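Spelled out, the chains give:
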Amino acid sequence: MQLTFLLGNGFDKAIGLATGYRDFYEWYKEQPSHSSDIKRLKNSIQSYLDKENGNWADFEYALGQFAETFSNSKRFMDCFSSARASLIEYITNIYRMAVEESDDFIQSAAFCLIKQAVNADKDLLSMDQRFFCLADQKEIVFNCISFNYTPLFDDGLSQLQINVQQRSGRDIDKLVLGDVLNVHGTLNDYPIFGVDNEMQIANDCFRKDRRITQMMVKGEIDKRLNRGWRKKATEIIKKSDKIYIYGASLGDTDEFWWKTIAQWFEKDPAGHQLAIYCHPTASAIELREKQTQFIEKIARHIADMGESKIVIDSIVKELKVKFVSAQINENINMQASATASVAQ
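Cut-off values and rules
Residues numbered from 1 in each chain as written. Predicted model: local features only at pLDDT ≥ 70, side-chain atom pairs only at ≥ 80, totals over all residues. Heavy atoms only, no water. Helix = DSSP H or I, 4+ residues; strand = E, 2+ residues; numbered from the N terminus. Contact = heavy atoms within 4.5 Å. Areas by Shrake-Rupley, 256 points an atom, 1.4 Å probe, with all protein chains shown as cover. Axes fitted to C-alpha atoms, helices over the stretch in contact; angles between N-to-C directions. Parallel < 35°, antiparallel > 145°, perpendicular 65-115°, else oblique. Left-handed = near helix turned anticlockwise from the far one by under 90°. Nonpolar A, V, L, I, M, F, W, Y, C, P; charged D, E, K, R; others polar. Buried < 20%, exposed > 50% of the residue type's maximum accessible area, 1.4 Å probe, protein only. Pairing = 2+ DSSP bridges. Arc of directions from axis to C-beta. Polar contact = N/O pair within 3.5 Å; in protein donor to acceptor, adjacent residues only side chain to side chain. Salt bridge = Lys/Arg side-chain N within 4 Å of Asp/Glu carboxyl O. 1 Å grid on protein atoms, 1.4 Å probe; cavity = no way out; pocket = protein on both sides within 12 Å on 5 of 7 lines; lining within 4 Å. Points joined across faces, edges and corners; volume = space filled by probe spheres on them.

(A) Examining the overall build of the protein more closely. For the protein, the helix and strand inventory stands at 16 helices and seven strands. Considering only contacts in the protein between residues 6 or more positions apart, those separated by 24 or more positions represent 79%. Just so you have it, the protein exposes about 16100 Å², and 46% of that area is on carbon and sulfur atoms.

(B) Here's a closer look at the packing of helix α2 (residues 21-28) against helix α3 (residues 36-49). At a minimum axis distance of 11 Å, the contact between α2 and α3 shows a crossing angle of 140°. When the interaxial angle is binned, α2 and α3 end up oblique. Considering how the two elements wind past one another, α2 and α3 form a crossing that is left-handed. Counted together, Tyr21, Arg22, Tyr25 and Tyr28 of α2 and Ile38, Leu41, Lys42, Ile45, Gln46, Tyr48 and Leu49 of α3 form the full contact between these two elements. The residue inventory of the contact of α2 with α3, partitioned by class, reads eight nonpolar, one polar and two charged.

(C) Representation of the pairing of strand β1 (residues 2-7) within the structure. Of all six residues that make up β1, six are buried, and the element is covered over most of its length. Residues of β1 alternate between two faces, with Gln2, Thr4 and Leu6 on one and Leu3, Phe5 and Leu7 on the opposite face, all of them buried. Here six bridges tie β1 to strand β2 (residues 139-146), and the two strands are oriented parallel to one another. Following the sheet pairing, Leu7 is matched in β2 by Ser146.

(D) Inspection of α2 at higher detail. Here α2 has its buried residues at Tyr21, Phe24, Tyr25 and Tyr28. Along the long axis of α2, the arc covered by the buried residues comes to 100°, so they all point the same way.

(E) Just the packing of helix α12 (residues 229-238) against helix α13 (residues 255-267), in detail. Interhelical geometry of α12 versus α13 gives an angle of 30° and a closest axis separation of 10 Å. Overall, the two elements α12 and α13 adopt an arrangement that is roughly parallel. Crossing handedness for the pair α12 and α13: right-handed. Seen from α12, the contacting residues are Arg230, Ala233, Thr234, Ile237 and Lys238; seen from α13, they are Phe256, Trp257, Thr260, Trp264 and Lys267. Among the residues forming the contact of α12 with α13, the class breakdown is five nonpolar, two polar and three charged.

(F) Quick peek at the environment of Arg211. Note on placement: Arg211 falls in helix α10 (residues 210-216). Once the C-alpha coordinates of Arg211 and Met77 are considered, the two residues, 134 residues apart in sequence, prove to be 8.7 Å apart. Not counting the four nearest positions on each side in its chain, Arg211 is found in contact with Ser73 and Met77. Engagement of the side chain of Arg211 in a polar contact is seen with the side chain of Ser73, the distance being 3.0 Å.

(G) Expanded view of the pattern of salt bridges. Evaluation of the coordinates by the stated rule reveals 15 salt bridges. For the salt bridge of Asp179 with Lys232, the shortest nitrogen-to-oxygen distance reads 3.5 Å. Taken together, the positions of Asp179 in strand β4 (residues 171-182) and Lys232 in helix α12 put the pair 53 residues apart, joining distant regions of the chain. Among the ionic pairs, Arg211 bridges to Asp209, the shortest N-O distance being 2.8 Å. By relative accessible area, Asp209 is classed as buried at 16%.

(H) Quick look at unusual backbone geometry. In the Ramachandran plot, Tyr190 falls in the positive-phi region, its phi being about 30° despite a non-glycine side chain. Structurally, Tyr190 is set in the loop between β4 and α9 (204-207). Since its relative accessible area comes to 32%, Tyr190 is described here as partly exposed. One non-glycine residue, Asn226, adopts positive backbone phi at about 60°. Mapping Asn226 onto the fold places it in the loop between α11 (218-225) and α12.

(I) Quick peek at the pairing of strand β6 (residues 273-278). With six of six residues buried, β6 is to be regarded as a mostly interior element. Both strand β5 (residues 242-246) and β6 contribute to a ladder of five bridges, which runs parallel. Residue pairing in the sheet places Ile243 in a bridge with Leu274 of β6. Summarising the sheet, β6 and strand β7 (residues 320-325) pair through six bridges and their orientation is parallel. By the bridge assignment for β7, Ala275 is matched with Lys322.

(J) Just empty space enclosed by the protein, in detail. Throughout the structure, instances matching the rule amount to one cavity of 30 Å³ or more. If you add up the space inside the largest cavity, you get close to 30 Å³. Lining the largest cavity are Val183, His184, Ile192, Lys218, Asp222 and Arg230.

Limitation: the analysis is restricted to geometry and does not speak to function.
What follows is the structure, encoded as structure tokens:
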């Protein structure tokens, strides 16, 4: 069985990294503004955060909309490049401090994720008996696609060969590490930052400027770098039986991944299962609303593939999608014995 985690910034925040949009801005506004354009950008961010909590998808989208205020392409490119460089500098500093403060940070973070995967199914089964249980599987191939820049898994998880015994007493013979990928690159390897497509650049002239699209449209950046990250991630999703999404907003600047998940569901709506983990303070009503909105969006993407309403309704009826509250232990300085229990 193929189990795949899609991890967003919510995961890094849950294990104690101050990598939120607002965290970044509190640091960013104190940094020198080398141009009037940077000052305008900071004021724009402040105005937004005064009204909303915000996430990275909002920041990326906002930069695309900010293009509307420019007529000079070089000035916009300089502003975008400066904002991107500041973001990478901030996350790099946060990550290095965390690693320096705890020698076990990498393996502890990996342990938190694995523990979440193994213990999660009791919550899903209690809500929907159609969900299959990990404990019933003799071998589970554990894949991870991270949308973050922090190289948590490149640095340590790939060293782990994991054996897990579920607390209920039912044995899982082996949880095998499969594919691990930072689909947007890492701090050490050209992080991809930007919008999903040209239409999210709110400037008609800039949309036609290859210098700008290759700088800030994620698919174009992936092609230019020629690393195959997007293609590899798509292949991982396609072969998955079960997907867990933790801390990934999959906002407007990640439309490509909405489409990919919709295609995955269309291929086997009865067999594929997906769980989205939300903040533990989310109420049952909020979870149901999020679940309804998610399914509606998946249905819209399936409709875009040309399927009839009858087919779409049939697929939606079969979908196994659940939004559940989850808490990854924020104290990642775990005892050595806890890490040793999952590492060979």
